[in-house]
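Working through the structure, step by step
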Amino acid sequence: MARSFLDTPIEYLKGVGPKRAALLRKEAGIFTFEDLLFYFPFRYIDRNKIYKIGEINSDLAYVQLKGTISDVRLIGVRRAKRLTALLTDDTGQIELVWFQGIKWVMDTFTSGLEYIVFGKPSIFNRKFNIAHPEIELAETYEKTMGSGLQGIYSTTEKLKRSGLNNKNLIKLMKTLVSRVPGNIRETLPDEIMKRLSLTGREQALLSIHFPEDQRSLQKARARLKFEELFFIQLRLLKEKIIRIQKVNGRKFSLVGDYTNDFYNEKLPFELTEAQKRVIREIRKDIGSGRQMNRLLQGDVGSGKTLVALMSMLIALDNGYQACIMAPTEILAMQHYNSISTLIEGLDIELELLTGSTRASSRKHILEQLLSGKLQILIGTHAL
């Protein structure tokens, strides 16, 4: 079978190669073109505005400046070595600092030319500076990086050391996106797209990486979020249909002495209409022979444990055992204590099993389970 565009291994993308591909696989889980295409920015910054150096203040997370670079200096030795330069515009100067990639940066500058500088301003010795800014010649900036909203991608120190900082991830993404047209299959029916005014899948993937404006970004996000939730729901519906039609469960058709004795002799209060309705629904489900998946939801103290207990008693009436699994030992103990109180005096074997249960007690519990004598077991994931 011919390999699809999206299945192409990431090392075959121009600018990646075997070494970077290995890092992308290990650090970001990117194995194929599809993985990179779905490696979305986690936020965006507006590259339309160019600030003046005199406008910089501590409230600005990132700034984009335009000016000439001068006074390039190499300072310090060994680990303290750093490269500094001054960026100047008609409102002032700001220091630029690099601690890594110094040789490459030094070879980048040409005196007398204007540059676009982008980075995060910070204060050192009561003056603003920018460490490791992105730099591009002003006259070529629009062609190489574009303008408008720019995505910020998750990266790691290892990726940065291999040259895969945000700027170069954007370049890789541009290379990939240039090959996308015609290679993305639409996954939603026309009827749904028209009714909900959703943008096409291909356009959404292009816009999520390189949005023209906020509106195109919002439309891309809406489409991709809808698609994700739509297919999650389809999968759940498919599993439900399979479960109902093909998976045979046990029929708990009998409501016998355990349930009736508890209801008539031990019920601590009159059931609410909501509790009665839920118990009827559960009885219908577990008597149908189909697997039941049900979420019981209610406020603290609304009687969820009581409903769960009565459902387990129906299982006991039909010759089966039942268990409750709680996320913590404290909650498991609370369930054990409350259910022990509720069934006190009834001929029902109940035990508690958690990670703290002693080996001797655990062995006894397992033997009782295996023999069928133990009817209700409450515990944590130790179950």
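Structure's up top.
Quick look at the structure, then. (Residues numbered from 1 in each chain as written. Predicted model: local features only at pLDDT ≥ 70, side-chain atom pairs only at ≥ 80, totals over all residues. Heavy atoms only, no water.)

1. Focus: the overall build of the chain
- Broken down by element type, the chain carries 14 helices and twelve strands.
- Principal-axis analysis of the C-alpha atoms places the extent of the chain at approximately 95 × 55 × 40 Å.
- Looking at the chain residue by residue over its 383 residues, the buried ones come to 38%.
- Look at the contacts in the chain between residues 6 or more apart in sequence, and 61% of them connect residues 24 or more apart.
- A total accessible area of about 23700 Å² is found for the chain, and carbon and sulfur atoms account for 51% of it.
- Between the averaged position of the 57 positive side-chain charges in the chain and that of its 43 negative side-chain charges there is a distance of 5 Å. (Helix = DSSP H or I, 4+ residues; strand = E, 2+ residues; numbered from the N terminus. Buried < 20%, exposed > 50% of the residue type's maximum accessible area, 1.4 Å probe, protein only. Contact = heavy atoms within 4.5 Å. Areas by Shrake-Rupley, 256 points an atom, 1.4 Å probe, with all protein chains shown as cover. Lys, Arg positive; Asp, Glu negative; His and termini not counted. Charge placed at Lys NZ, Arg CZ, Asp CG, Glu CD.)

2. Digging into the packing of aromatic side chains
- One pass over the structure, following the stated rule, counts seven aromatic pairs.
- Seen in terms of ring centroids, Tyr62 and Phe118 are 5.5 Å apart; in terms of plane orientation they differ by 5 degrees. Their pairing is stacked. Of the two residues, Tyr62 sits in the loop between strand E1 (43-46) and strand E2 (63-75) while Phe118 sits in strand E5 (residues 114-119), which places them 56 residues apart along the sequence.
- Aromatic ring contacts, followed pair by pair, group Phe226, Phe230 and Phe231 into a single cluster.
- One Lys or Arg, Lys49, reaches over the ring of Tyr51 and ends 4.7 Å from the middle of that ring. (Phe/Tyr/Trp six-rings, centres within 6.5 Å; stacked < 30°, edge-to-face > 60°. Lys NZ or Arg CZ within 6 Å of the ring centre and 35° of its normal.)

3. A few points about the nonpolar core
- Ranked by size, the top nonpolar core spans 32 residues in total, and within it Ile10, Leu13, Val16, Leu24, Leu36, Leu37 and Leu176 carry the most contacts.
- Only helix H1 (17-28), helix H2 (33-37), helix H6 (166-177), helix H8 (201-209) and helix H9 (214-246) provide two or more residues apiece to this core.
- With six residues, the single largest contributor to this core is H6.
- Residues in contact with Leu37, not counting those within four places in the same chain, are Leu6, Leu176, Val177, Val180, Ile184, Leu205 and His209.
- Counting 30 residues, the second-largest nonpolar core is a separate cluster that includes Phe252, Phe262, Val278 and Leu309. (Core = buried A, V, L, I, M, F, W, Y, C linked by side-chain atoms within 4.5 Å.)

4. Overview of unusual backbone geometry
- Of note, Arg126 is a non-glycine position whose phi angle comes to about 65 degrees, a positive value.
- For Arg126, a relative accessible area of 84% corresponds to the exposed category.
- Non-glycine residue Ser197 carries a positive phi angle of around 55 degrees.
- Inspection of the secondary structure assignment puts Ser197 in the loop between helix H7 (190-196) and H8.

5. A word on the sheet that holds E5
- Strand order in the open sheet made by the seven strands is E6-E7-E4-E3-E2-E5-E8, with mixed pairing throughout. Each end of this open sheet is capped by a strand with a single partner; those strands are strand E6 (121-124) and strand E8 (134-137). Each strand of the sheet is rotated relative to its neighbour by a mean of 45 degrees, with strand direction disregarded.
- Two strands pair when backbone bridges link them, and E2 and strand E3 (residues 82-89) are joined in this way by six bridges, in the antiparallel orientation. The residue of E3 that forms the bridge with Ser70 is Leu86. (Pairing = 2+ DSSP bridges. Axes fitted to C-alpha atoms, helices over the stretch in contact; angles between N-to-C directions.)

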